[in-house]
Amino acid sequence: MAKTYFLTLFLILAASSAYASPVLHIDKPQFDFGTISQDDKAEHVFEIENRGDGELIIEKLTPS
Amino acid sequence: MASSDHLKPGQKGEIKVTVDLRGKFGAIVKTIQVITNDPLRRRTNLLMKMRVKDLIHARKYEADEIFKAPCRGCHVERGNSQKKFSLFMSDCIMCHNEGRSALPVSGMQAKAREEIEKALREGIRKTSMPGWDAKHGGPLTDEEIRGLVDYIKPAARRSRN
């Protein structure tokens, strides 16, 4: 009896981890530098967050 | 660019972007596509906007400096021997256009012809609008001035309102 109980728990855990999924959240995905001079450095840091329950993997960043 | 490419649940991270502005000019929009394993949204776009001024234009100037070297090469000489519409397109459009510092032609038409001519001849103090006629140190002849006023607001329009 105790054995079956343990097994079910294990199965539930396995199932839930299969469904765990990452959620990429970016508060401010847009940024306006305003007017800047050609010799300025246009540098910006976007804050990102994983609001899901699985590991988030950034696979690729492609600039246009 | 990214602080780490693996984020645990609840973890925060950063994506740092540097845009190289050398040789860039005017309004620029940059997008960066972020591809992740987020099952509901694999692609997310980051967007950056800016207006880039070249080195000449980054500084503040007196209005009539555009009549002098090295500015006049672009701001005056391109209009040499042009008239009316083409003179406007050479000397005025860089400021008098949508998204620029001054009204486009359609907006200026709300003013009286006398007002338009006065502003054009004498300039408007405390703005980047210089006086364009010779008496105010400008490069335009009386005939060119009248041609521009006629282009901006044809005389016939006046009798209608």
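**A few points about unusual backbone geometry**
All names here are of chain B. The residue after A69, namely P70, is reached through a cis peptide bond having omega 0°. For P70, the position within the fold is in the loop between β4 (43–53) and α1 (72–75). Phi angles above zero are rare outside glycine, and K84 is one such case at about 40°. Mapped onto the elements, K84 comes out in helix α2 (residues 84–91). For K84, a relative accessible area of 44% gives the class partly exposed. Unlike most non-glycine residues, K126 shows phi in positive territory, near 65°. Along the chain, K126 falls in the loop between α4 (113–122) and α5 (142–152). Exposure remark for K126: the relative accessible area of 86% places this residue in the exposed category.

**A word on the layout of surface pockets**
Residue and element names in this part refer to chain B. Estimated volume of the largest pocket: approximately 1600 Å³. Residue lining of the largest pocket: 48 residues in total, with H75, M94, C95, S101 and S128 positioned closest to the centre. Breaking the lining of the largest pocket down by element, the ones donating at least two residues are β4, α1, α2, α4 and α5. In terms of residue count, α4 provides more of the lining of the largest pocket than any other element does, four residues in total. Among the residues forming the lining of the largest pocket, the class breakdown is 26 nonpolar, 10 polar and 12 charged. When we break the lining of the largest pocket down by domain, the ones giving at least three residues each are domain 1 (1–55) and domain 2 (60–152). Taken as a whole, the second largest pocket encloses approximately 190 Å³ of empty space.

**Some details on the confidence of the model for chain A**
Confidence in the prediction of chain A, expressed as mean pLDDT, is 81, and 72% of residues score 70 or more. Per-residue pLDDT, averaged within each element of chain A, yields its smallest value for helix α1 (residues 2–19) of chain A (55) and its largest for strand β1 (residues 24–26) of chain A (97).

**What to know about the interface of chain A and chain B**
Between chain A and chain B, the residue contacts involve 40 residues of the former and 47 residues of the latter. Together chain A and chain B conceal approximately 4000 Å² of surface at their shared face, both sides included; 56% is due to carbon and sulfur atoms. Of all residues in chain A, Q38, F46 and L61 of chain A give up the largest surface area on contact with chain B, accounting jointly for 18% of the area buried on that side. Here chain A is connected to chain B by one salt bridge. With a shortest N-O distance of 3.1 Å, R42 of chain B and E59 of chain A are connected by a salt bridge. For the pair chain A and chain B, the number of links is 27 residue pairs in polar contact (both at pLDDT 80 or more). Residue assignment for the side of chain A that touches chain B shows that the elements contributing at least two residues are β1, β2 (30–37), β3 (42–50) and β4 (56–63) of chain A.

**Side note on the environment of I116 of chain B**
Residue and element names in this part refer to chain B. With respect to the element layout, I116 can be found in helix α4. Overall, I116 belongs to the buried group, its relative accessible area being 7%. Remark: the alpha-carbon pair of I116 and K153, spanning 37 residues in sequence, is separated by 8.5 Å. What I116 contacts, discounting residues up to four positions off in sequence, is M108, K111, V149, I152 and K153.

**Notes on α2 of chain B**
Turn by turn, an α-helix covers 3.6 residues, leaving residues three or four places apart pointing in a common direction. Residue and element names in this part refer to chain B. Listed as buried for α2 are L87, F88, S90 and D91. Relative to the axis of α2, the buried residues are bounded by an arc of 165° and lie together on one face. Buried residues along α2 sit against α1, α3 (105–108) and α5.

Conventions used here
- Residues numbered from 1 in each chain as written.
- Chains lettered and ligands numbered in written order.
- Predicted model: local features only at pLDDT ≥ 70, side-chain atom pairs only at ≥ 80, totals over all residues.
- Heavy atoms only, no water.
- Helix = DSSP H or I, 4+ residues; strand = E, 2+ residues; numbered from the N terminus.
- Buried < 20%, exposed > 50% of the residue type's maximum accessible area, 1.4 Å probe, protein only.
- 1 Å grid on protein atoms, 1.4 Å probe; cavity = no way out; pocket = protein on both sides within 12 Å on 5 of 7 lines; lining within 4 Å.
- Points joined across faces, edges and corners; volume = space filled by probe spheres on them.
- Nonpolar A, V, L, I, M, F, W, Y, C, P; charged D, E, K, R; others polar.
- Domains from an automatic or database assignment.
- pLDDT = per-residue confidence, 0-100.
- Contact = heavy atoms within 4.5 Å.
- Buried area = accessible area lost by both parts, 1.4 Å probe.
- Salt bridge = Lys/Arg side-chain N within 4 Å of Asp/Glu carboxyl O.
- Polar contact = N/O pair within 3.5 Å; in protein donor to acceptor, adjacent residues only side chain to side chain.
- Arc of directions from axis to C-beta.

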